[in-house]
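Take a look at the letters that make up each chain.
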Amino acid sequence: MGVPFDVVAEACRQCGAQKRALQSIEVHIKRQPHQMNACLPLLQDLYVSLLEPDGVAGVSAARQQPPTVADQLVLYRSRGQLHHALSCYEHVCNTPGSELTGYKGLVTCYLNLDQPNTALSLARDVIGRNGAWEEELGEQLVEATWRLGRWEDLESALESAPLDSWGAGVGCTLLHADRRQAAEFERMLSFCREQEMAPLCAAALEKDSYAREYDHLVRLHILSDMERSLPALLWTEGEPDPTEELAVWQSRLETVQSAVRTLEPVLTARRAVLTLARDRLRARGSPAAQVLDLQIGRCWLRSARVSRQAGQLQRASNCLLQLERLERCLPEAFVERASLLWRRGEGDGAIRELRQGIESHFPDWTTKIKGGGLAESERQILAEAKLLLARYCEESANMDSNVINQHFVETTEIRKDWEDVHFYTAKYLDRLLAARLAGERDSNQLGARVVHALGKSLQYGCQHVYESMPRLLSIWLDYGAQESGSKQRPADAALVAKSVELMCRRVGQLLEALPLYCFLTSLPQIISRICHGRPQVYAQIRDILAALLATYPKQCMWYMLAVSRSSYPMRVERCQDVFSRAKAKKPSLGQFISDATKLADKLIDLSNKPVEKKTSKVSLASFFPSIRRLVSAGFSQILVPLQQQMTVTLPETAAQHGFGFRPFPEEQVCIASFEDELEVMPSLVRPKKITIRGTDGKKYTMMAKPKDDLRKDSRLMEFNTLVNRHLTRHGEARERSLRIRTYTVIPLNDECGLLQWVPNLSGMRQVLLSQYRQRGGMMTNAELKQTAAQLDDSLERKRAIFTEKLLPRHPAVLGGWLRATFPDPQAWYAARLNYARTAAVMSMIGYILGLGDRHGENILLDSSSGDCVHVDFNCLFNKGELFDWPERVPFRLTHNMVDALGPTGVEGVYRTACEVTMSVMRQQQDALMCVLRPFVHDPLVEWSKQERKTRDVGEIVNEKAQAHVGDIEQRLRGQVRSKLKPVPIPLSVAGQVNYLIEEATSVDNLCQMYIGWAAHF
């Protein structure tokens, strides 16, 4: 009998092997679930050590008894909720025997809230009452002293502080720099570096330890700042010029993760350095002191902004209070103060702050704008303030629409070359447009104004291109689709025609003025409207597609292939027209287009060619030799359709935005040949796994899949890629590496296509089957068929069969697969986090899109990373609710999936990832709907028989898809309505996520699922 796992876990924790300890304690809980509550304190300590606040939250939610004060403190500290922690520490201070812990926690909280004065006063008061605590509070006392710039008290404070602590080390370094003790200064820097390098060296032996040890890297960053700047600012003979040093600081700061936990220590240390240098330069009467004073203010401003964005509003308020004396020199402070008031829900206060700030700092701005009297930096601050004022007035319905419109117009006059002002002006006009009835006369003029403003925004940047371009195209194309027939009065028809003409002219101008990669971001949407019924609009569509094809032929041709082989005659005809136009622009394209279409035909034939049932591998040379002969000498450079080569890369700054920017890698891998070995997959349609030899000499695997319309999968991959962009930009999502696993999907025609092969994936069903076979006792297919409930059985009978017959024979084993696949604790921990978060993100995305049919073969697991990967997006828009056995759950979250999340189950990592993802989706609702609305012109929902008869008429609007897009908007607003369970009241993000998790894990729902969906797996 071996050592008990709980004993192993405790031993590993004491040795600093937290991940191994976590793995061991989870095995112990799995084997002895009745000891779960007893193990929660250890679980909590381990998650704290691993800097995993979501895990701490999971432990807190899993407790069956009320949390103690100590438990609450752990939770609040891990979440950064310091104002809540203060209350708990005050309680601890009044608990006999815990006074020192309470006071030390209070002082630390005040320091972290940027209240060093309070921290210093409290520390001195406590030490005055009990001198024995001086050494325990020494580090906090030193840090509060140097943060307040009380240099005369620093030496005495250092006498009682341990020098191996970070706060004391920084204080000692500052003291040596102030006294120009170069040798001691260098020695102290080296000592501090050694203190930080020790844990870093140990962490280098572990996998995925970068995030956990990032705090040590931040401290090394601070030491490098001090080493460079202190001698330059304090030891220079004569008049120092801090300009160059401050520019270096700014560029270095951009490399630090934009989060309070990482940025604030850097900014705090910089304020101390600047304060010391300012005080000494001011004593010498140096004008550089004023420059440093302004920089101190900008550091406080940056701290306030980062804290506000992180939701730490009390800290943000404290930082802004430090700027009061610099108010006249830093006009941007009132803009940040207004943003903070708005975040607090004080809309009227925010608007008042902006008005007063503009009147105070820019009293005669209209005159100065006309006369060029405003500096560029002042112009930017004024524009930001005016734009915020316009947006806040609109969102709070605080003013008449004409006044709000005037605010947007004035902001445009201030900064005509700013993308944001045109973008938000367009959004305002678009909302006015949505409020107008379709028949109202000014709706046509508004539409033209929206198109104009969106075009302007795209001329000056592409930060909003994934919202601007789809919306611009939608308005233009939808107005162009309005019929000018008997249903309209002649005057109205003339207005529509005039507006369409204006929009077409504007789009034509944009085609010349914008870099083409802007249009490339909406290529699928443009292609979907290729059958537009108005000749004037179609001519522009053709010109855009021809220009894109001529400029980026390797990427665009893959998108055009499915249209050129469409079952809709007009689509094929229009596609050939685009090809002709592109060849007229670039004659060399003729051979390329010919070769690409030949290759597509060969790939379609290869996909559809039947293979004997028991055959798993064939020789391509004998089975389908013509494709290898085609790709020979003289064949065009056809791109290997890998995701990294098909995805548009956009400029990071407005300065990079222009015709010289390249959206694709310079070195692009093309098809050199096809390898001889062809693998036939065992699934129903027998897809074929082909290997391409690239021009770089490497092998790339694709899957040629027949008898499956991949157009939905392709559009969903594009949508998922857009979601990933928004997740990357969101702070909380980025910290958790929330993402969807995506891959290339290339439709070749209406029922055949290519998919990028992703290695190391196994179907969840196969994984579970292998685990059950090893374990024994699994039901055979015949037993399942005999045991399964019938559709018309009562709910009680279905529940009894599910809980008493199916689940006992199929216990949760997926967590064991994770431990067996990733035996190394470091790899296991990373894989478990990856699994939980990728599963959570796709659960939310799938729910929003109504993605069904999530049986065990459509969810894959990556044996190299633990990622959860979804495939086969054919069942969209809640189609599963219309099956003979209606799908009852919003996504798959069976007992096996919950088991793999760890002992706290859905609580903690999974739930938080769901909430963050849903929050991002709601915040980006406008951008996401701009991409989803064009689906009504794509065959993403099966056409009805009547629609099939009209294929050759032209553009088809799918009314079913229009209804589905409306349902998606409802879900994004928090309405969890479904055909089976109408719940029309909008819920909060947390409420919506909780409702969905309960529905997904409900036994009453799972027991009613079709047996082939395998809810018992």
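One numbering rule holds for all chains: residues counted from 1, following each sequence as written. A pLDDT threshold of at least 70 governs which residues receive local features in this predicted model, and a stricter bar of 80 or more applies before side-chain atom pairs are shown or counted, although totals over entire chains, interfaces and linings include all residues. As a convention, hydrogens and water are excluded, and side-chain values are obtained from all of the structure's heavy atoms.

### Some words on the overall build of the protein chain
Moving on, step 1. Comment: elements are numbered from the N terminus, with helices defined as DSSP H or I runs of at least four residues and strands as E runs of at least two. Regarding its fold elements, the protein chain presents 49 helices and ten strands.
Moving on, step 2. Put simply, the radius of gyration uses C-alpha atoms, and a globule should come to 2.2 Å times the residue count raised to 0.38. For 1017 residues, the compact-globule formula gives about 31 Å, and the C-alpha radius of gyration of the protein chain, at 32 Å, lands near that figure.
Moving on, step 3. Across the 1017 residues that make up the protein chain, the buried fraction comes to 56%.
Moving on, step 4. Accessible surface computed for the protein chain: about 44,000 Å², of which carbon and sulfur atoms make up 50%. Note on classification: 1.4 Å probe, protein chains only; a residue is buried when its accessible area is under 20% of the maximum for its type, exposed when over 50%, partly exposed between these limits. Surface accessibility in these figures is a Shrake-Rupley result with a 1.4 Å probe; residues are shielded only by whichever protein chains are displayed.

### Quick look at the confidence of the model for the protein chain
Moving on, step 1. In this model, the protein chain carries an average pLDDT of 85, and 94% of its residues clear a pLDDT of 70 or more.
Moving on, step 2. By mean pLDDT, helix H46 (residues 945-948) is the weakest element of the protein chain at 41, and helix H44 (residues 909-923) is the strongest at 94.
Moving on, step 3. Contacts for the low-pLDDT stretch residues 939-953, under 50 throughout, to residues beyond four places or in other chains number 37 contacts. A score from 0 to 100, pLDDT tells how confident the predictor is in each residue. The contact rule is simple, with two residues in contact once any of their heavy atoms fall within 4.5 Å.

### A word on the packing of helix H25 (residues 465-480) against helix H45 (residues 925-932)
Moving on, step 1. Between H25 and H45, whose axes approach to 8 Å, the crossing angle comes to 45°. In terms of orientation, H25 lies oblique with respect to H45. Taken as a pair, H25 and H45 cross one another with a handedness that is left-handed. Between H25 and H45, the residues in contact are Tyr-466, Glu-467, Pro-470 and Arg-471 and Asp-926, Ala-927, Cys-930 and Val-931, respectively.
Moving on, step 2. Counted by class, the contact of H25 with H45 contains five nonpolar, no polar and three charged residues. All axes are obtained by fitting lines to C-alpha atoms, using only the stretch in contact for helices, and the reported angles, taken between N-to-C directions, cover 0 to 180 degrees. By definition in this entry, angles of less than 35 degrees are roughly parallel, angles greater than 145 are roughly antiparallel, angles of 65 to 115 are roughly perpendicular, and the rest are oblique. Handedness of a crossing is defined here by the sense of rotation of the near helix relative to the far one, left-handed for an anticlockwise turn of less than a right angle and right-handed for a clockwise turn. Three classes are used, and their members are as follows: Ala, Val, Leu, Ile, Met, Phe, Trp, Tyr, Cys and Pro are nonpolar, Asp, Glu, Lys and Arg are charged, and the others, Gly among them, are polar.

### As for the pattern of salt bridges
Moving on, step 1. The working definition used for a salt bridge is a side-chain nitrogen of Lys or Arg within 4 Å of a carboxyl oxygen of Asp or Glu. Under the counting rule described, the total for this entry stands at 63 salt bridges.
Moving on, step 2. With a closest N to O distance of 2.4 Å, Glu-394 and Arg-431 form a salt bridge. Of this pair, Glu-394 sits in helix H21 (residues 376-395) while Arg-431 sits in helix H23 (residues 419-435), and the two are 37 residues apart along the sequence.
Moving on, step 3. Across the pair Asp-543 and Arg-581 runs a salt bridge, and its minimum N-O distance is 3.1 Å. Placement of Asp-543 in helix H29 (residues 535-551) and of Arg-581 in helix H31 (residues 569-585) is noted, with a sequence separation of 38 residues between them.
Moving on, step 4. Here Asp-543 falls in the buried class, since its relative accessible area comes to 17%.
Moving on, step 5. Ionic contacts of the salt-bridge type, sharing partners, join the residues Asp-114, Glu-143, Arg-147, Glu-264, Arg-271 and Arg-315 into one network.

### As for the environment of Ala-57
Moving on, step 1. Inspection of the secondary structure assignment puts Ala-57 in helix H4 (residues 53-62).
Moving on, step 2. Expressed as a C-alpha distance, the spacing of Ala-57 and Gln-44, which sit 13 residues apart in the sequence, is 8.7 Å.
Moving on, step 3. Ignoring any residue separated from it by four or fewer positions in sequence, one finds Ala-57 in contact with Leu-75, Arg-79 and Gly-908.

### A look at the nonpolar core
Moving on, step 1. To qualify as a nonpolar core, a set must consist of buried Ala, Val, Leu, Ile, Met, Phe, Trp, Tyr and Cys residues joined through side-chain atoms within 4.5 Å. The biggest cluster of nonpolar side chains holds 231 residues, and the ones touching the most others in it are Trp-476, Phe-519, Trp-558, Leu-599, Phe-674, Leu-748 and Tyr-910.
Moving on, step 2. Looking at this core, the element that brings in the most residues is helix H42 (residues 825-849), giving 16 residues.
Moving on, step 3. Aside from chain neighbours lying at most four places away, what touches Phe-674 is Leu-599, Leu-603, Leu-620, Ile-627, Arg-628, Val-631, Ile-690, Thr-691 and Ile-692.
Moving on, step 4. Counting residues in each nonpolar core, the second largest holds 87 residues, with Leu-137, Val-142, Val-170 and Ala-269 among its members.

### Focus: the sheet that holds strand E10 (residues 868-870)
Hydrogen bonds along the backbone pair up the strands of a sheet, which may run parallel or antiparallel.
Moving on, step 1. One open sheet accounts for three strands, arranged E8-E9-E10; its pairing is antiparallel. The open sheet has two edge strands with one neighbour each: strand E8 (761-763) and E10. Strand-to-strand twist in this sheet, taken as the mean axis angle between neighbours without regard to direction, amounts to 35°.
Moving on, step 2. Two strands pair if DSSP finds at least two bridges between them. Strand direction decides the pairing type here: E8 and strand E9 (residues 859-862), joined by three bridges, are antiparallel. By the bridge assignment for E9, Leu-761 is matched with Asp-862.

### Examining the packing of aromatic side chains
Moving on, step 1. Any two of the Phe, Tyr and Trp rings considered here, Trp counted by its six-membered ring, make a pair once their centres fall within 6.5 Å; the pair's planes then place it as stacked at under 30 degrees, edge-to-face at over 60, or tilted in between. Counting across every chain of the model gives nine aromatic pairs.
Moving on, step 2. When the ring of Phe-408 is compared with that of Tyr-428, the centres are 5.1 Å apart and the planes differ by 20°; the resulting orientation is stacked. Of this pair, Phe-408 sits in helix H22 (residues 401-414) while Tyr-428 is found in helix H23, placing the two residues 20 residues apart along the sequence.
Moving on, step 3. Geometrically, the ring pair formed by Phe-423 and Tyr-424 is edge-to-face, given 5.0 Å between the ring centres and 75° between the ring planes. A single burial state applies to Phe-423 and to Tyr-424, both of which are buried.
Moving on, step 4. Over the ring of Tyr-568 we find Arg-571; its NZ or CZ atom is 5.5 Å from the centre of that ring. Two limits define a charge over a ring: the Lys NZ or Arg CZ must be within 6 Å of the ring centre, and within 35 degrees of the ring normal.

### Notes on the packing of helix H7 (residues 99-112) against helix H9 (residues 138-147)
Moving on, step 1. For the pair H7 and H9, the least separation of the axes is 10 Å and the interaxial angle reads 25°. On the basis of the axis angle, H7 is roughly parallel to H9. For H7 against H9, the interelement crossing comes out left-handed. Contacts between H7 and H9 involve Lys-104, Val-107, Thr-108 and Leu-111 on the former and, on the latter, Gln-140, Glu-143, Ala-144 and Arg-147.
Moving on, step 2. A breakdown of the residues in the contact of H7 with H9 according to their chemical character gives three nonpolar, two polar and three charged.

### Observations regarding helix H19 (residues 347-361)
Three or four residues apart is the spacing at which side chains of an α-helix point the same way, because the helix has 3.6 residues per turn.
Moving on, step 1. In this model, H19 (15 residues) spans 21 Å end to end at C-alpha, consistent with the 21 Å of a helix rising 1.5 Å per residue.
Moving on, step 2. Taken together, the buried positions of H19 are occupied by Gly-347, Gly-349, Ala-350, Ile-351, Glu-353, Leu-354, Gly-357, Ile-358 and His-361. Multiplying 1.5 Å by the helix residue count minus one yields the expected span of that helix.

### Side note on the pairing of strand E4 (residues 688-694)
Within a regular strand, side chains alternate between the sheet's two faces.
Moving on, step 1. Burial within E4 is extensive, with six of its seven residues counted as buried.
Moving on, step 2. Sheet topology note: the strand E2 (residues 671-674)/E4 ladder contains three bridges and is antiparallel. Among the inter-strand pairings, Ser-673 is bridged to a residue of E4, identified as Arg-693.
Moving on, step 3. The sheet contact formed by E4 and strand E5 (residues 699-706) spans six bridges and is antiparallel. For Lys-689, the partnering residue across the bridge sits in E5 and is Met-703.

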